[in-house]
Amino acid sequence: AAFTNPATVRLFHGVSGSWVDVTLSNDGAGTICGTVTSFSPFAIAEPASATPPLVFSGFDSPVANSGWNSEKGGSNVPLKFSITQGGVAQTDLSVVASVLVTEISCSDPATAIGATSDITGSLKVTGSSFHVNWKTPKTKGCYQVVVTAADGKILTALFKLT
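Since this is a predicted model, take the numbers as computed values, not measurements.

## Points about the nonpolar core
By size, the foremost hydrophobic cluster in this structure holds 25 residues, and its most contacted members are Phe59, Leu79, Phe81, Val96 and Trp134. Of all the secondary structure elements, the ones that give two or more residues to this core are β6 (54-59), β8 (76-85), β10 (96-104), β13 (129-135), β14 (141-149) and β15 (154-161). If we skip the residues at most four places from it in the chain, Phe81 touches Phe56, Ser57, Gly58, Phe59, Asp60, Val96, Leu123, Ser129, Phe130, Val147 and Leu155.

## Some points on the pairing of β13
Burial within β13 is extensive, with five of its seven residues counted as buried. Bridge count between β8 and β13: six bridges; the pairing is antiparallel. Residue Val77 lies in a different strand from β13, and its bridge partner there is Trp134. Of the strand pairs in this sheet, strand β12 (residues 124-126) and β13 are connected by three bridges, and their pairing is antiparallel. Bridging from a neighbouring strand, Val125 pairs with Phe130 of β13. The hairpin turn running from β12 into β13, its antiparallel successor, is two residues long, and Gly127 in that turn takes a positive phi close to 65°.

## Comments concerning the sheet that holds strand β11 (residues 112-118)
Read across the open sheet, the five strands follow the order β7-β15-β14-β10-β11; overall the sheet is mixed. Across the chains shown, the open sheet's two edge strands, defined by having one partner strand only, are β7 (68-71) and β11. Each strand of the sheet is rotated relative to its neighbour by a mean of 25°, with strand direction disregarded. Sheet topology note: the β10/β14 ladder contains eight bridges and is antiparallel.

## Observations regarding the pairing of strand β1 (residues 10-15)
As paired strands, β1 and strand β5 (residues 42-45) are joined by four bridges and run antiparallel to one another. Each bridged residue has a counterpart across the sheet, and for Phe12 the counterpart in β5 is Ala43. The pairing of β1 with strand β2 (residues 18-21) spans four bridges and is classified as antiparallel. Each bridged residue has a counterpart across the sheet, and for Gly14 the counterpart in β2 is Trp19. Connecting β1 to the next strand, β2, in antiparallel fashion are two residues, including Ser16 with a positive phi near 50°.

About the thresholds
- Residues numbered from 1 in each chain as written.
- Predicted model: local features only at pLDDT ≥ 70, side-chain atom pairs only at ≥ 80, totals over all residues.
- Heavy atoms only, no water.
- Core = buried A, V, L, I, M, F, W, Y, C linked by side-chain atoms within 4.5 Å.
- Buried < 20%, exposed > 50% of the residue type's maximum accessible area, 1.4 Å probe, protein only.
- Helix = DSSP H or I, 4+ residues; strand = E, 2+ residues; numbered from the N terminus.
- Contact = heavy atoms within 4.5 Å.
- Pairing = 2+ DSSP bridges.
- Axes fitted to C-alpha atoms, helices over the stretch in contact; angles between N-to-C directions.

Structure representation (structure tokens):
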């Protein structure tokens, strides 16, 4: 079956004449996982009123969305991005769950080596964009900024401070 939005498809388990949503995860590419405690009919279905997913625009310039961003320690980095849903710009702060900065290994960016700072409280909306200024530490090092949307989607950027 073709679905309008594969990422919204849910796994249902037949229990006592009702369908129970048992979806734990959906990778949007055809793998849906769920947990049940008994055998019964199963069905996969897309909700009739599926809410379109939140979509990040990526970080606006001067922040690069891939590779390393080089900044001087102690500088102020403007983190600007937009989020749309169904093609409509979102401007409610509630669509952003968090903006976190973690010190990471420069040789292995997947490895956190220091504390995580939460800068979500400084988030503002300007026009149709979200904006937060990150005051970088004065010491050299590598950092990852992770913006998490209310639906769990993430936007990341890597920084090397000199």
